[in-house]
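# A closer look at the structure
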Amino acid sequence: MPEPYNPSPAGNPSLLKRRSWPETQLVKFIGRHTPKCPEVVRILSQGMDKKLPLRTRLLLNVHYLICRWCQRYSEQLRYLRKFSRRFPEQISNLEVFTMPPDAKDRIKRQLDNHR
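Residues numbered from 1 in each chain as written. Predicted model: local features only at pLDDT ≥ 70, side-chain atom pairs only at ≥ 80, totals over all residues. Heavy atoms only, no water.

## Some points on the overall build of the protein
- Per the secondary structure count, the protein includes six helices and zero strands.
- Listing each helix as α and each strand as β along the protein from the N terminus yields α-α-α-α-α-α.
- Taking all 115 residues of the protein together, the buried fraction comes to 22%.
- Long-range pairs, those at least 24 residues apart, make up 57% of the contacts in the protein between residues at least 6 apart in sequence.
- When the accessible area of the protein is evaluated, it comes to approximately 9300 Å², of which 59% is carbon and sulfur surface. (Helix = DSSP H or I, 4+ residues; strand = E, 2+ residues; numbered from the N terminus. Buried < 20%, exposed > 50% of the residue type's maximum accessible area, 1.4 Å probe, protein only. Contact = heavy atoms within 4.5 Å. Areas by Shrake-Rupley, 256 points an atom, 1.4 Å probe, with all protein chains shown as cover.)

See the structure below:
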């Protein structure tokens, strides 16, 4: 049986860390009323293409109170967007890196050994 959704797991460096009973209740409330982390990732990706509605942006900001990881992901996306806008000609000239076949085989063997 899968583990129930925990909006603020152990080790989460977010602002609200469930240190007390009221804080735990607030974290649970926020977790029930904001998007879950996989949904946040999808929403942030959509936000790269078009402007998100105000309500969605507010829900994301409230979610960031309990999830520092989603907040960091959002910051990384904003940085990548800013960087790619500053150097559009260099981005289009990047060569596609292909891994040598022997390296792929080594990785596959290592993965098979860990199963």
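And the narrative resumes.
## Quick word on the packing of helix α2 (residues 37–49) against helix α3 (residues 54–66)
- Closest axis-to-axis distance for the α2/α3 pair is 11 Å, and the angle between their directions is 135°. Between α2 and α3, the interaxial angle falls into the category oblique. Of the two elements, α2 crosses α3, and the hand of that crossing is left-handed. In contact with C37, V40, I43 and L44 of α2, α3 contributes T56, L60, H63 and Y64. (Axes fitted to C-alpha atoms, helices over the stretch in contact; angles between N-to-C directions. Parallel < 35°, antiparallel > 145°, perpendicular 65-115°, else oblique. Left-handed = near helix turned anticlockwise from the far one by under 90°.)

## What to know about the nonpolar core
- In this structure, V40, I43, L44, L52, L60, Y64, C67, C70 and L77 together form the largest nonpolar core, which totals nine residues.
- Elements supplying a minimum of two residues to this core: α2, α3 and α4 (68–86).
- Among the elements that take part in this core, α2 stands out by supplying three residues, more than any other. (Core = buried A, V, L, I, M, F, W, Y, C linked by side-chain atoms within 4.5 Å.)

## With respect to the packing of helix α1 (residues 21–33) against α3
- It is at 10 Å that the axes of α1 and α3 come closest, and there the two elements cross at 140°. The handedness of the crossing between α1 and α3 is left-handed. The segment α1 lies against α3, with V27, I30, G31 and H33 engaging L59, V62, H63, L65 and I66.
- Classifying every residue of the contact of α1 with α3 by side-chain character gives six nonpolar, three polar and no charged. (Nonpolar A, V, L, I, M, F, W, Y, C, P; charged D, E, K, R; others polar.)

## Some words on a nonpolar patch on the surface
- Judged by side-chain polarity, F97, M99, I107 and L111 come together as a nonpolar surface patch covering roughly 420 Å² of accessible area.
- Take I107: it is sitting in helix α6 (residues 101–113). (Patch = residues over 30% accessible without salt bridge, like charges linked within 9 Å, V, L, I, M, F, W, Y side chains within 5 Å. Salt bridge = Lys/Arg side-chain N within 4 Å of Asp/Glu carboxyl O.)

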